[in-house]
Amino acid sequence: LRTRTAEQALPEILAKAIEGGRRVVVKTADEKAVASLNDYLWTFNADSFLPHGCKKDGHATDQPIWITADNDNTNGAEILITTGGAAPETPENYALCCEMLEDRETEQVAAARERWKSYKERGFDLIYYQQTDKGGWEKKA
């Protein structure tokens, strides 16, 4: 991400997943980030709603979007999205993993580059998108 934060870009991505009938786990770095993102998704846009929850809310199996700092997939998601430097521990358990990185977080970007090498060695299909200056996405690799 170059022009928006992960928090700002995430609702658009989540909406597309939900519209496609997919369930999502959003893994954050810690419980404070879980609470912040959970609250944000309730208020980011008065004209839309993204059905979501976290441990505090309960009913994990009923939540199309599950926000966690753990490695749980209690909502049976096909998609894992990581934010805030969180890393997927079992990417093979998902049909799609998306690591959202803000380019100003240089340590997180460096760690993601190392994971990219590991994913490539393990035979994963990899795609890298970079946010454009106008907020769109450009495929880079």
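This one's a predicted model, so the numbers in the text were calculated from it and none came from an experiment. Position numbers for residues count from 1 along each chain, tracking the sequence in the order it is written. With the structure being a predicted model, the display of local features is reserved for residues of pLDDT at least 70 and the display and counting of side-chain atom pairs for 80 or more, all residues being used for whole-chain, interface and lining totals. Remark: hydrogens and water are excluded; side-chain values derive from all non-hydrogen atoms of the structure.

## Considering the sheet that holds strand S4 (residues 79–82)
This is how the line gets drawn: Strands were regarded as paired on the criterion that DSSP finds at least two bridges between them. Strands here mean DSSP runs of E at least two residues long; helices mean DSSP runs of H or I at least four residues long; both are numbered from the N terminus. Contact definition: two residues touch when any of their heavy atoms are within 4.5 Å. Between N-to-C directions, angles span 0 to 180 degrees; the directions come from axes that are lines fitted to C-alpha atoms, helices contributing only their stretch in contact.
The strand order across the open sheet formed by five strands is S2-S3-S1-S4-S5, and the pairing between neighbours is parallel. Each of the sheet's edge strands pairs with one partner strand only, and the pair in question is strand S2 (52–53) and strand S5 (96–99). Of the strand pairs in this sheet, S4 and S5 are connected by four bridges, and their pairing is parallel. Residue Ile-81 lies in a different strand from S5, and its bridge partner there is Cys-98. Where helix H2 (residues 31–43) meets the sheet, its contacts fall on strand S1 (24–27), S2 and strand S3 (65–68), and the angle it forms with S3 comes to roughly 150 degrees.

## So, the packing of aromatic side chains
Cut-off, in case you're wondering: A pair of aromatic rings is counted whenever rings of Phe, Tyr or Trp (Trp by its six-membered ring) have centres within 6.5 Å, and the orientation is called stacked for planes under 30 degrees apart, edge-to-face for over 60 and tilted otherwise. Relative accessible area decides the class of each residue, using a 1.4 Å probe on protein chains only: under 20% of the type maximum gives buried, over 50% gives exposed, and in between gives partly exposed.
Applying the stated criterion across every chain, the model contains four aromatic pairs. Centre to centre, the rings of Trp-42 and Phe-49 are 5.4 Å apart; their planes meet at 40 degrees, and the pair counts as tilted. An angle of 80 degrees between the planes, with centres 5.8 Å apart, marks the rings of Tyr-119 and Phe-124 as edge-to-face. The exposure class assigned to Tyr-119 is buried, which follows from its relative accessible area of 11%. For Phe-124, a relative accessible area of 26% puts it in the partly exposed group.

## Focus on the state of the cysteines
Put simply, the rule reads: Counting rule for disulfides: a pair of cysteine sulfur atoms within 2.5 Å.
Here the structure, examined in full by the defined rule, presents zero disulfides. Summary of cysteine pairing: Cys-98 is not part of a disulfide, and the nearest cysteine sulfur, belonging to Cys-97, is at 8.9 Å.

## What about the nonpolar core?
Defined as follows: Here the nonpolar core consists of buried residues drawn from Ala, Val, Leu, Ile, Met, Phe, Trp, Tyr and Cys, with membership extended through side-chain atoms lying within 4.5 Å.
By size, the foremost hydrophobic cluster in this structure holds 19 residues, and its most contacted members are Leu-10, Leu-14, Val-24, Val-26, Ile-67, Ile-81 and Met-100. Within the residue set of this core, elements represented by two or more residues are helix H1 (6–19), S1, H2, S3 and S4. No other element matches H1, which puts five residues into this core. Setting aside chain neighbours within four positions, we find Ile-67 in contact with Val-26, Thr-28, Val-34, Leu-37, Asn-38, Leu-41, His-52, Gly-53 and Cys-54. Val-25, Ala-77, Leu-80 and Tyr-94 belong to the second largest nonpolar core, which has six residues in total.

## Some words on the side chain of Thr-68
How we decide: The term polar contact refers here to a pair of N or O atoms within 3.5 Å; inside protein, the definition further demands a hydrogen-donor-capable atom paired with an acceptor-capable atom, and it admits residues adjacent in sequence only when both atoms are side-chain atoms.
Looking at the element boundaries, Thr-68 is found in strand S3. Among the residues examined, Thr-68 registers a relative accessible area of 2% and is labelled buried. One polar contact links the side chain of Thr-68 to the main-chain amide nitrogen of Asp-70, over a distance of 2.9 Å. In this structure the side chain of Thr-68 is engaged in a polar contact, spanning 2.7 Å, whose partner is the side chain of Asp-72. Residues in contact with Thr-68, not counting those within four places in the same chain, are Val-25, Val-26, Lys-27, Thr-28 and Val-34.

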